[in-house]
Amino acid sequence: MATIRNIVLVHGGFVDGSGWQGVHEQLTADGYRVHVVQNPTLSLAGDVAATHQILDGLDGPAVLVGHSYGGAVITEAGNHPNVTALVYIAAFAPDKGESVNTLIADPPPGAPVPPILPPQGGFLFLDRTKFADSFAADLPASQAAFLADSQVPWGMAALEGAISEPAWRGKPAWYLVATEDRMIPPPAQRAMAGRTGATVSETPGSHAVYVSRPATVAAVITQAAEGRNGNA
């Protein structure tokens, strides 16, 4: 299998695409053409459309990568014909009819509870005073504070958007579990990864693992681009 040269990165809820900068730098240095989707995060359908807009403009096949809620986006958007592989980075991987909302509705006993504030006008935010501990515990305090203060409103319609046809049922997937994640419990990540049939790897890291460990994340994406598992 020839190496795929196009990589499309999709961010999750509460943040924008700038968090992918370190991963972008790693991959572009290795010769990949990297594209970052800026999700409006108003609805799942809108974010899928934003992703398709990028995919429509590519000159060849692509690896589609999602972090957190971005995993739901790539699960739906990954049915695009230009997508040949999916990569989940500490991400939701819903099945048909599922949404992020249904996946978080029944957390396991003892699991950390993300500090999501009550909806404000149909949008969600994290409590900025608890953001660092829950989302970005392995980032420098100043960087975590910036992420907390620059949060993107996450629309309830995005949270509740259900998958019509999961792309991972027909395309190969890779999954990176962040073992110190306090937003999506690692056992939940492993369970979602397992049912997708993904090639799974794990690394110490918070939910912001794509920011704190860009080289590790880029290595998993490279595995997908080259069509090999973590032991190859």
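In this text, all values refer to a predicted model and were calculated from it rather than measured experimentally.

Visitor: Now, about the overall build of the chain: what can you tell me, with residues and values included?
Guide: If you tally the helices and strands in the chain, you get 10 helices and eight strands. A compact globule built from 232 residues should have a C-alpha radius of gyration of about 17 Å, and the chain, at 16 Å, falls within 12% of that. Seen through its C-alpha atoms, the chain measures out along the principal axes to roughly 45 × 35 × 30 Å. If you take every contact in the chain between residues at least 6 apart in sequence, the share linking residues at least 24 apart comes to 71%. For the chain, the centre of its 12 positive side-chain charges and the centre of its 20 negative side-chain charges are spaced 4 Å apart.

Visitor: Which residues make up the nonpolar core, and what values do they have?
Guide: One finds Ile7, Val63 and Ile221 to be the most contacted residues of the largest nonpolar core, which totals 74 residues. When sequence neighbours within four positions are dropped, the list of residues in contact with Ile221 reads Ile7, Leu9, Val23, Leu27, Val63, Val65 and Val87.

Visitor: Kindly report on the sheet that holds strand β1 (residues 6–10), identifying the contributing residues and their values.
Guide: Strand order in the open sheet formed by six strands is β2-β1-β3-β4-β7-β8, with parallel pairing between adjacent strands. Strand pairing shows two members of the sheet lacking a second neighbour, β2 (33–37) and β8 (199–203), which therefore form its edges. Put simply, the sheet's adjacent strands are angled 20° from each other on average, direction ignored. Taken together, the five bridges between β1 and strand β3 (residues 62–67) define a ladder with parallel strand orientation.

Visitor: Mind laying out the environment of Pro214, listing which residues take part and the relevant values?
Guide: The topology assignment puts Pro214 in helix α10 (residues 214–226). Distance from Pro214 to Gly22, taken between C-alpha atoms, is 5.3 Å for residues 192 residues apart in sequence.

Visitor: I'd like to hear about the pattern of salt bridges, residue by residue, with values.
Guide: Between side chains of opposite charge, a pair can form when the charged atoms approach closely. Summed over all chains, the structure comprises six salt bridges. In this structure, Arg195 engages Glu98 in a salt bridge whose closest nitrogen and oxygen atoms are separated by 2.5 Å. Taken as a pair, Arg195 in helix α8 (residues 186–196) and Glu98 in the loop between β4 (83–89) and α4 (100–103) lie far apart in primary sequence, 97 residues in all. As a salt-bridge pair, Arg128 and Asp149 come within 2.8 Å of each other at their nearest N and O atoms. With Arg128 in the loop between β5 (123–124) and α5 (131–135) and Asp149 in helix α6 (residues 141–149), this residue pair connects regions lying 21 residues apart in the sequence. Classification of Asp149 as exposed rests on a relative accessible area of 52%.

What counts and how
- Residues numbered from 1 in each chain as written.
- Predicted model: local features only at pLDDT ≥ 70, side-chain atom pairs only at ≥ 80, totals over all residues.
- Heavy atoms only, no water.
- Helix = DSSP H or I, 4+ residues; strand = E, 2+ residues; numbered from the N terminus.
- Rg over C-alpha atoms; globule rule 2.2 N^0.38 Å.
- Contact = heavy atoms within 4.5 Å.
- Lys, Arg positive; Asp, Glu negative; His and termini not counted.
- Charge placed at Lys NZ, Arg CZ, Asp CG, Glu CD.
- Core = buried A, V, L, I, M, F, W, Y, C linked by side-chain atoms within 4.5 Å.
- Buried < 20%, exposed > 50% of the residue type's maximum accessible area, 1.4 Å probe, protein only.
- Pairing = 2+ DSSP bridges.
- Axes fitted to C-alpha atoms, helices over the stretch in contact; angles between N-to-C directions.
- Salt bridge = Lys/Arg side-chain N within 4 Å of Asp/Glu carboxyl O.

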